[in-house]
Every structure is written in C-alpha cells, then in structure tokens.
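Secondary and tertiary structure notes
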Amino acid sequence: MMDFTEEQLERYSRHILLEEVGVEGQEKLLSAKVLIVGAGGLGAPVSLYLAAAGVGTIGIVDNDVVDLSNLQRQVVHFHKDINVAKVESAKEKMLAINPDLVVKTYKKYLCADNIREIIKDYDFVVEGTDNFPAKFLINDACVMEGIPFSHGGILRFDGQAMTVVPGESSCYRCTFRNPPPPDAVPTCSQAGVLGAIAGMLGTIQATEALKYIIGVGDLLTDTLLSFDAKKMHFRKVKLQRQDDCPICGKNPTITELVDAEQAVCSI
C-alpha cells in the first residue's frame, strides 16, 4: 500500500471519503498513466480535472500554439499564453494545480508512424481532436494496442462521447466505419461553438477516464451519448460490436495504420 503524505491525504480527502474510491482508488489514480490527444477545447478541461484528481502521469499531444480565438473555450490557456505551445501552456497549469504529477508533452502531430510508440505506455487515451482522420487513427491504434479510450466531439451547441474498450466493446469504426469526405462537415471556425460546450463534454470524458482507472460505475461502452445544449437534451444510443468491422471484427482488413487525408471536423 502506498504511503500517503499528510498533504496528499488532505488534497484527495474528498475522493478518499467516497466508498467507491477510498485509499485504494486514489492509489490507482496516482499510479495511472493517461494520454490526452489535443490541448484544445476538450483537452483543456480534461487536463485540469485529471491533474486535480491526481492521475500520476499525464501525457498531452498537440502541435499547435495558443491563438486568441482559442481563449473563448480552451480554459487551460490564458491571455499571456498566446503564441506559446499549447502543450507547454497546459503543462504549466496542470502542475500549478498539482505539482506532484509527471506531465509529458508531445509537440507534434500524431501520425501512422509515431502513434503506437507514443500511446503504448498509457493505460487510457482521451481523444479530443478536431478532425476525422485523427479520430479514426486513434481508434485504430488503440484497438491494435488494446488500450481503452474516450472519443469526444463538439460543434455549435452539440456534443457527443463514447468509450471504447478494445476486445470488449464496439469501436469507433463499428459505428462510423470511414471518415466523411473532406469539407463534408463544417469546422468550429466555420460554424462556431458555444465555449461552455467544451467544458460539458470534456468533463464527461475526464469522468470516463477516472471511472475506468478506479473500476467503478458504467462506462459509455457500446453507447453513444449526445447532447443538445440549447434544449439541454441528453440522448443515449446503444451500439453493437460489428463482426464485419475492418479493425475489430472477426476478419480485420486494416492491418497497418495509414494517414488519411486531413479533413477538419467536429462531430
């Protein structure tokens, strides 16, 4: 059993008080490794809540720098961070919340050549990207490596999330199969997004990661959760693993990762 310091006992006291978490659950969090892909609207709240929760090692991947238009929703970045690498800006805030963490930064684009090497040491991946090729690439790599992940997407007033546990649940391709044609779906920069939507969806994804690590509750596996914030309407759609899925089906046809044409999107 891990020896908690007095400061740790106080810091995590509200977790430890929960019967479903307790000391054992907090130990699991402190020993866990979670990778966040994207330090934008979704990655921002995810990074802050995972840091606050005491996830011991957090990796964050993003090749971008902070832009003024990001600040409307990407709450991990401040005005002073404009033109700073997003991964470094996020790391600063995460360590400011909880200096006991190990934060690993990857200022690069994930691609077929590097993704498996990056994700292989993590227990869980949170996907907060803004383009379909990246979403499918993350799905395929996680299925190949057997690493569970949370998918998330936002646009305008809407959000959606699902959790994939390879070998146990349906994957992203079971439901969506292939990326849509380029320019088929508008981007946040084209269609807009209510800033707080990112917080709503990101905290759902952070919760899924924490539940998986602790081993409590029901994950969004075989389930697509979507919401319309204008009406504050939440909907769950049951999903099913598909035998003919090209990555997780009985006879997979995707045996190598490839980089699809970049088509920026949201959901």
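Residues numbered from 1 in each chain as written. Predicted model: local features only at pLDDT ≥ 70, side-chain atom pairs only at ≥ 80, totals over all residues. Heavy atoms only, no water.

Okay, the sheet that holds strand 5 (residues 149–155) next. Spatially, 3-2-1-4-5-6-7-8 is the arrangement adopted by the eight strands of the open sheet, whose pairing is mixed. Strands with a single pairing partner mark the edges of an open sheet, and in this sheet they are strand 3 (102–106) and strand 8 (233–238). Sheet twist, expressed as the average angle between the axes of neighbouring strands with direction ignored, equals 15 degrees. Two strands pair when backbone bridges link them, and strand 1 (residues 33–37) and strand 4 (residues 124–127) are joined in this way by four bridges, in the parallel orientation. Note on strand 4: the bridge partner recorded for Ile-36 is Val-126. (Pairing = 2+ DSSP bridges. Helix = DSSP H or I, 4+ residues; strand = E, 2+ residues; numbered from the N terminus. Axes fitted to C-alpha atoms, helices over the stretch in contact; angles between N-to-C directions.)

A general trend in soluble globular proteins is that nonpolar side chains are found buried together. Counting residues in hydrophobic clusters, the biggest one holds 32 residues, and the most contacted among them are Leu-35, Ile-115, Ile-119, Val-125, Ile-138 and Cys-171. Elements represented by at least two residues in this core include exactly strand 1, helix 6 (115–119), helix 7 (132–145), strand 6 (158–164) and helix 8 (172–176). The element best represented in this core is helix 7, accounting for seven residues. Leu-48, Val-76, Ala-85 and Val-103 belong to the second-largest nonpolar core, a separate cluster that totals 29 residues. (Core = buried A, V, L, I, M, F, W, Y, C linked by side-chain atoms within 4.5 Å. Buried < 20%, exposed > 50% of the residue type's maximum accessible area, 1.4 Å probe, protein only.)

Scanning all chains against the criterion turns up four aromatic pairs. With a centroid separation of 4.8 Å and an interplanar angle of 65 degrees, the aromatic rings of Phe-136 and Tyr-172 are classed as edge-to-face. Of this pair, Phe-136 sits in helix 7 while Tyr-172 sits in helix 8; the two residues are 36 residues apart in sequence, bridging distant segments of the chain. A relative accessible area of 2% means that Phe-136 is categorised as buried. Plain terms: the ring middles of Tyr-172 and Phe-176 are 4.8 Å apart, the flat faces sit at 45 degrees to each other, and that makes the pair tilted. With Tyr-172 and Phe-176 both in helix 8 and four residues apart, the pair spans about one turn of that helix. Exposure remark for Tyr-172: the relative accessible area of 2% places this residue in the buried category. On the basis of relative accessibility, which here comes to 30%, the residue Phe-176 falls in the partly exposed class. An aromatic cluster is present here, built from Phe-136, Tyr-172 and Phe-176 joined pairwise through their rings. (Phe/Tyr/Trp six-rings, centres within 6.5 Å; stacked < 30°, edge-to-face > 60°.)

Among the residues of helix 3 (residues 22–31), those classed as buried are Gly-22, Gly-25, Gln-26, Glu-27, Leu-29 and Leu-30. On its buried face, helix 3 sits against helix 1 (6–11), helix 2 (13–16), helix 4 (43–53) and helix 10 (195–214). (Contact = heavy atoms within 4.5 Å.)

Attention shifts here to the pattern of salt bridges. Any two side chains of opposite charge can pair, so long as their charged atoms come close to each other. For the structure on display, the rule yields twelve salt bridges. Asp-244 serves as the salt-bridge partner of Arg-177, at 3.3 Å between the closest nitrogen and oxygen. Highlighted residues: Arg-177 in the loop between helix 8 and helix 9 (188–191) and Asp-244 in the segment after strand 8, separated in sequence by 67 residues. (Salt bridge = Lys/Arg side-chain N within 4 Å of Asp/Glu carboxyl O.)

Next up on the list: the environment of Ile-82. Along the chain, Ile-82 turns up in the loop between strand 2 (57–61) and helix 5 (86–97). Once residues within four sequence positions are removed from consideration, Ile-82 is found in contact with Val-66, Leu-68 and Leu-71.

A few words on unusual backbone geometry. The backbone of Asn-83 shows a phi angle near 75 degrees, a positive value even though the residue is not glycine. Here Asn-83 lies in the loop between strand 2 and helix 5. For Asn-83, a relative accessible area of 63% puts it in the exposed group.

Worth remembering: the numbers are spatial, not functional.
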